[in-house]
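Topology and contacts: notes
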Amino acid sequence: MAESYKINDNEGLYFVTLTTIGWVDVFIRKIYKDVIVDSLQYCKVKKGLNLHGFVIMSSHVHAIVSTQPNFMLVDTIRDFKKFTSKRLIELIKTTNE
């Protein structure tokens, strides 16, 4: 069962883990990993994300993140998860495998 952790210090450095539902191995194909990388890049440029390091595993992503001043890390993570999940679902539905 997932536990909810709070981001208390917007200037802090956080280790986050983002998982797929049921730990399904989604990120075994390059096209799906590229969605993660593109979304992280977008968040760096447009959402104030400081990405200190990340690794994409087959069913989850680990990242060390912080945010730039005038941005809220919780909002950036929320937007990343929302956009990325929708994009991945679209790709999975249209990929003929």
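Here is a short report on the structure shown in this document. What you are looking at is a predicted structure, and each value in this text was computed from that prediction instead of being measured.

So, about the sheet that holds strand β2 (residues 49-56). Taking strand neighbours across the sheet as the criterion, the 3 strands line up as β1-β3-β2 in an open arrangement whose pairing is antiparallel. Edge positions in the sheet fall to β1 (14-19) and β2, since each of these pairs with one other strand and no more. Shown here is a sheet whose adjacent strand axes are inclined to one another by a mean of 25°, direction ignored. Seen against the sheet, helix α1 (residues 30-46) touches β2 and β3 (60-67) and runs at an angle of roughly 170° to β2. Sheet strands touched by helix α2 (residues 73-94): β1, β2 and β3. Its angle to β1, the strand with the most contacts, is close to 20°.

What follows deals with α1. Each α-helix winds once per 3.6 residues, and so residues spaced three or four apart point in a common direction. With 17 residues, α1 extends 24 Å from end C-alpha to end C-alpha; this agrees with the ideal 24 Å at 1.5 Å per step. All of the buried residues along α1 are Y32, V35, I36, S39, L40 and C43. An end-on view of α1 places all buried positions within 125° of arc, on one side of the element. With respect to the buried face of α1, the exposed residues turned more than 90 degrees away are K30, D38 and V45. In this structure, the buried residues of α1 make contact with β2, β3 and α2. Directly after α1, the chain includes G48, whose backbone phi takes a positive value near 75°.

As a further point, take the environment of L51. When you line up the elements, L51 lands in strand β2. C-alpha separation for the pair L51 and T95, spaced 44 residues apart in sequence, amounts to 29 Å. Residue contacts for L51: discarding those within four places in its chain leaves L40, K44, A63, I64 and V65.

Cut-off values and rules
- Within every chain, residues take consecutive numbers counted from 1 along the sequence as written.
- In keeping with the predicted nature of the model, local features appear solely for residues at pLDDT of at least 70, side-chain atom pairs appear and are counted solely at 80 or more, and the whole-chain, interface and lining totals rest on all residues.
- Side-chain descriptors were evaluated using all non-hydrogen atoms of the structure, hydrogens and water having been removed beforehand.
- Whether two strands pair depends on DSSP finding at least two bridges between them.
- For the purposes of this entry, the term helix denotes a DSSP run of H or I that reaches at least four residues, the term strand denotes a run of E that reaches at least two, and both are numbered from the N terminus.
- Axis lines are fitted through C-alpha atoms, for helices just across the contact stretch, and the angle between N-to-C directions can take any value from 0 to 180 degrees.
- By definition, residues are in contact when any of their heavy atoms lie within 4.5 Å.
- To estimate how far a helix should extend, the number of its residues minus one is multiplied by 1.5 Å.
- The buried label applies to any residue whose accessible area, calculated with a 1.4 Å probe on protein chains only, is under 20% of its type's maximum; exposed applies above 50%, and partly exposed to all values in between.
- For this quantity, the arc is that covered by the directions from the helix axis to the C-beta atoms.

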